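Letter by letter, the chains look like this.
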Amino acid sequence: MPATTPEPTTPDATPRQRSVLVTGANRGIGRAIAERLVAGGDKVATIVRSGGAPEGVLEVIGDVRDTASVDAAFTQVEAAHGPVEVLVANAGITRDQLLMRMTDDEFAEVLDVNLTGAFRVVRRASKGMIRLRRGRIVLISSVVGLYGSPGQVNYASSKSALVGMARSITRELGARGITANVVAPGFIDTDMTKALPEDRQQAYLGSIPAGRFGQADEVAAAVQFLASDAAAYVSGAVLPVDGGLGMGH
Ligand code: NDP
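Residues numbered from 1 in each chain as written. Predicted model: local features only at pLDDT ≥ 70, side-chain atom pairs only at ≥ 80, totals over all residues. Heavy atoms only, no water.

Within an unreviewed UniProt entry, the label attached to the protein chain reads 3-oxoacyl-[acyl-carrier protein] reductase, and the organism entered is Cellulomonas iranensis. Per UniProt, the protein chain has the following entry under Sequence similarities (unreviewed entry): "Belongs to the short-chain dehydrogenases/reductases (SDR) family." (UniProt positions renumbered as here; feature names shortened; annotations may be inferred.)

S.K.: How would you explain a nonpolar patch on the surface if you had to name every residue and give the values?
M.R.: Judged by side-chain polarity, Leu99, Phe107 and Val153 come together as a nonpolar surface patch covering roughly 250 Å² of accessible area. You can see Leu99 is positioned in the loop between strand S4 (86-89) and helix H3 (104-132). (Patch = residues over 30% accessible without salt bridge, like charges linked within 9 Å, V, L, I, M, F, W, Y side chains within 5 Å. Areas by Shrake-Rupley, 256 points an atom, 1.4 Å probe, with all protein chains shown as cover. Salt bridge = Lys/Arg side-chain N within 4 Å of Asp/Glu carboxyl O. Helix = DSSP H or I, 4+ residues; strand = E, 2+ residues; numbered from the N terminus.)

S.K.: So what about the site of the ligand? Which residues, and what values?
M.R.: Taken together, 29 residues surround the ligand, and among them Asn26, Arg49, Asn90, Tyr155 and Thr190 come closest. Between an oxygen atom of the ligand and a side-chain N or O atom of Tyr155, the distance comes to 2.5 Å. For the ligand, whose free accessible area comes to 900 Å², the fraction covered by protein is 96%. Of all the elements in the fold, those that place two or more residues in the shell around the ligand are helix H1 (28-39), helix H5 (153-173) and helix H6 (191-194). Across the shell around the ligand, the residue classes break down as 12 nonpolar, 11 polar and 6 charged. (Near = heavy atom within 4 Å. Polar contact = N/O pair within 3.5 Å; in protein donor to acceptor, adjacent residues only side chain to side chain. Nonpolar A, V, L, I, M, F, W, Y, C, P; charged D, E, K, R; others polar.)

S.K.: Lay out the pairing of S4 with the relevant residues and their values.
M.R.: The alternating pattern of S4 places Val86 and Val88 and Leu87 and Ala89 on opposite faces, both of which are buried. Across 4 bridges, the pairing between S4 and strand S5 (residues 135-140) is parallel. For Val86, the partnering residue across the bridge sits in S5 and is Arg136. The β-α-β motif built from S4, the intervening H3 and the parallel element S5 has right-handed crossover chirality. (Buried < 20%, exposed > 50% of the residue type's maximum accessible area, 1.4 Å probe, protein only. Pairing = 2+ DSSP bridges. Right-handed = clockwise from strand over helix to strand, strands pointing away.)

What follows is the structure, given as structure tokens:
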């Protein structure tokens with residue numbers, strides 16, 4: 001069947017109340033994304049391990065490391081909001097360690113959440129999107145995925161692999177009205193970065209052309225665009241939100 005060509009739209013013209021799923025929306029970047037999409041009128045749900053989702057977001061306790069848990073969470077979200085039309089794979093962890101000291105577990109754990117976790121939710125969401133013949137997939141990567149970072153061989157590997165994932169999804173499902181893109185945040189002020197030693201934070205600050213760290217809502221704004229009808233012809237892209245740190249990669 002030939003691909004359909006939707007009418008061009010303006011960025012804020014996404015009139016439907018879409019079923020949106022953001023993983024890890026109880027804090028940080030995921031929370032800001034969920035809040036923005038709720039404010040835009042979407043029905044937003046989240047999968048989190050520990051609870052604490054923002055007002056107006058359907059919270060489902062689950063774990064992206066577990067296929068059965070992901071499946072059960074989707075079933076719950078679909079029953080409440082309908083098939084997921086916008087998926088934001090945001091849940092992520094770090095286990096920083098220098099290469100020669102990094103254990104198999106530290107490497108595998110990060111890959112399991114950041115990469116395989118994204119795969120699990122994308123695979124589950126794709127079924128409904130294929131049936132709907134539309135969908136928006138946004139994978140939250142990191143500037144570190146393409147820039148590299150000492151002590152983050154596990155994390156950077158997981159984040160760069162999301163680019164290959166989005167581009168392969170684009171090639172596989174692009175003709176079905178489904179887009180898959182990557183947002184690559186730089187240094188954003190959240191719990192994850194607060195955990196970094198002060199000297200590392202200062203070193204990053206010195207190399208960011210914008211001269212400041214980013215806010216979670218600045219990442220959310222980029223996600224909102226990629227999730228909108230206006231971004232129907234954007235797929236397989238990496239959108240940096242990093243104050244210029246990665247120079248567009
Ligand atoms: P936080 O550490 O603040 O939040 C991480 C989120 O992921 C939490 O909601 C957490 O839920 C969830 N999560 C972790 N493991 C799992 C799991 N197994 N199953 C379900 N949910 C899980 O991180 P940020 O907001 O800073 O980061 C969000 C994303 O953005 C991550 O992918 C991160 O790699 C990426 N990023 C962040 C940057 C930054 O500067 N902060 C820069 C670049 C990328 P719970 O509380 O229940 O554990």
